[in-house]
Amino acid sequence: MADSSCLLEWHPYAKDRTMGLNHQLASLSCALAEAHHLGRTLVLPPSMCLFGLHTERWSGSDAPGGRCVPMGDLFDLELLSRLVPVVLGPIENRTSPQQLRGAVDVRRGLKSAEVASQHPCARAPVVRRRVDNFWFTMCSKRIADSDSIMGALHAALGSPPSAKRPLNVLLRSGLFYSQRIKRAVRAVQRSIGGEYYSVHVRRSDKLTACDVRQQQAEQRSRGQLDYVEPPKDVKVVGECKVRDQLTRPEGLRHALSLWFPEQSRVYIGSTERPDFFAPLRSSFRLYFAEDFGRALANVSNNYELYAVETLLFFGSSGTVETLGYAASWVQDACFPAARLRAESRSGRRAARMLPRHANGSGGVRVECVDRFGLVANGVRYGPACVDNPPCGKAMSLVPQPQGCGRMASGSRAAGRA
């Protein structure tokens, strides 16, 4: 267990702090992983700031101060602290001037194991690691240890020893989102009223290579130059046009008809407004965040909305990503379902027994396990997180989707929480 007087600070957070939500979750997850390995309390940035183009969709995001979100609004810091003790910065508020003057600045490239052996808490109450690149790269380069925290999580979840230990996914898993976000998810699932599928339609930033004005808007929001050279590469323009076609309603209808029965319930998360998808309503029962104003009344910005939609994707009977390469990212973030994947591959019926840590070891509590999914910390990891029927990682909109000879059976018990 970490000593609350033994602190770890990563700094500066400048390059990460206005990136997309998944980017920031990956970076913060890496810092949390090292704090867990060192047995130290992590000094978190006090807020997470939104990239300008991520404030456009959800109406509440235009409120004063809406560009930055307090960490406590997004995460259950008390629950997270049972796994990795955290306090909110700045560090000057968390230690004495004398301790701060005596803080150890970790050399760049010094691995977590070396930090632990060279700077134990007894001799170095405050350790500061300077990270000039994006924070998540410290785990990607195996400088910061992420293996120990993933091992602890898998043990608490009852995963087999062979379970994959993906990098930088602790916060992306949703286990430690705030209770307010989790309540909103359950309210939406109750309103949907039964089994549903989910689709992530990401068009805006993935089409900017064809839209000079959109690129200019992005650059201005980052304080960069406001001139963009029009794309001349035929291949780039061609790929962008294909993405555009495959993510329009007719492209979506073709893709979804490969996998889901007609009139299935489908939740769509997208930067596009619901009326963009109107032509699909003749084939599927569509749901959007805008349909759940009451359930989402306390969701005040796009990052909170994205957190809600991520958990809705996890709890669905099957999920479709926009881009094929992103499908593996979703599966990595769904790591709490690892034990069910192993059982699915072996052909054994999922056990209803809970792991021995089901009472809440290390901030993780498994509440329910059945053959359709798992509920941990109030988050349901449904069939989409287990084997994503009917076609697994092949279910994406780009490149041109293909069927796998199977159709979703419509008999999975998604949506139960």
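The structure contained in this document is the topic of the report that follows. Please read all numbers here as calculations on a predicted model, not as lab measurements.

1. A closer look at the overall build of the chain
- Summing up its helical and strand segments, the chain has 15 helices and 15 strands in all.
- Expressed as a percentage of the 417 residues in the chain, the buried residues total 54%.
- A sequence separation of at least 24 residues applies to 72% of the contacts in the chain between residues at least 6 apart.

2. Considerations on the packing of helix α1 (residues 21-38) against helix α12 (residues 302-314)
- Orientation of α1 relative to α12, taken along the N-to-C sense of each, is 80 degrees, at an axis distance of 10 Å. Between α1 and α12, the interaxial angle falls into the category roughly perpendicular. On α12, the residues that touch Leu21, Asn22 and Gln24 of α1 are Tyr303, Tyr306 and Ala307.

3. Remarks on the pairing of strand β7 (residues 126-130)
- When you tally the buried positions in β7, you get four out of five residues, the bulk of the element.
- Relative to β7, strand β6 (residues 104-106) runs parallel, the two sharing three bridges. Directly across from Val106, in β7, lies its bridge partner Arg129.
- Handedness of the crossover joining β6 and β7 through helix α5 (residues 112-118) is recorded here as right-handed.

4. Focus on the sheet that holds strand β9 (residues 265-270)
- Pairing is parallel in the open sheet, where five strands are placed in the order β10-β9-β8-β11-β15. Where the open sheet ends on each side, the last strands, each with one partner, are β10 (285-287) and β15 (396-398). Averaged over neighbouring strand pairs, the angle between their axes works out to 20 degrees when direction is ignored.
- The sheet contact formed by strand β8 (residues 197-201) and strand β11 (residues 319-323) spans two bridges and is parallel. When the sheet's bridge partners are listed, Val199 is paired in β11 with Val320.
- In the packing of α12 onto the sheet, the strands contacted are β8, β9 and β11, and the crossing angle to β9 comes to about 145 degrees.

Parameters and conventions
- Note on numbering: residues in each chain are counted from 1, in written sequence order.
- Local features are withheld for residues below a pLDDT of 70 in this predicted model, meaning they are given only at 70 or higher, and side-chain atom pairs are given and counted only at 80 or more; totals for whole chains, interfaces and linings count all residues.
- Side-chain calculation: all heavy atoms of the structure are included, whereas hydrogens and water are not.
- Runs of H or I in DSSP of at least four residues are treated as helices and runs of E of at least two as strands, each being numbered from the N terminus.
- When accessible area is computed with a 1.4 Å probe and restricted to protein chains, residues below 20% of their type maximum are described as buried, those above 50% as exposed, and intermediate ones as partly exposed.
- Contacts were defined at the residue level, with two residues in contact if any of their heavy atoms lie within 4.5 Å.
- Think of each axis as a best-fit line through the C-alpha atoms, taken over the contacting stretch in the case of a helix, with angles from 0 to 180 degrees between the N-to-C directions.
- When an angle is under 35 degrees it counts as roughly parallel; over 145 it counts as roughly antiparallel; between 65 and 115 it counts as roughly perpendicular; any other value is oblique.
- Following DSSP output, two strands are said to pair if at least two bridges run between them.
- Viewed with both strands pointing away, a crossover whose connecting path from the first strand over the helix to the second turns clockwise is right-handed.

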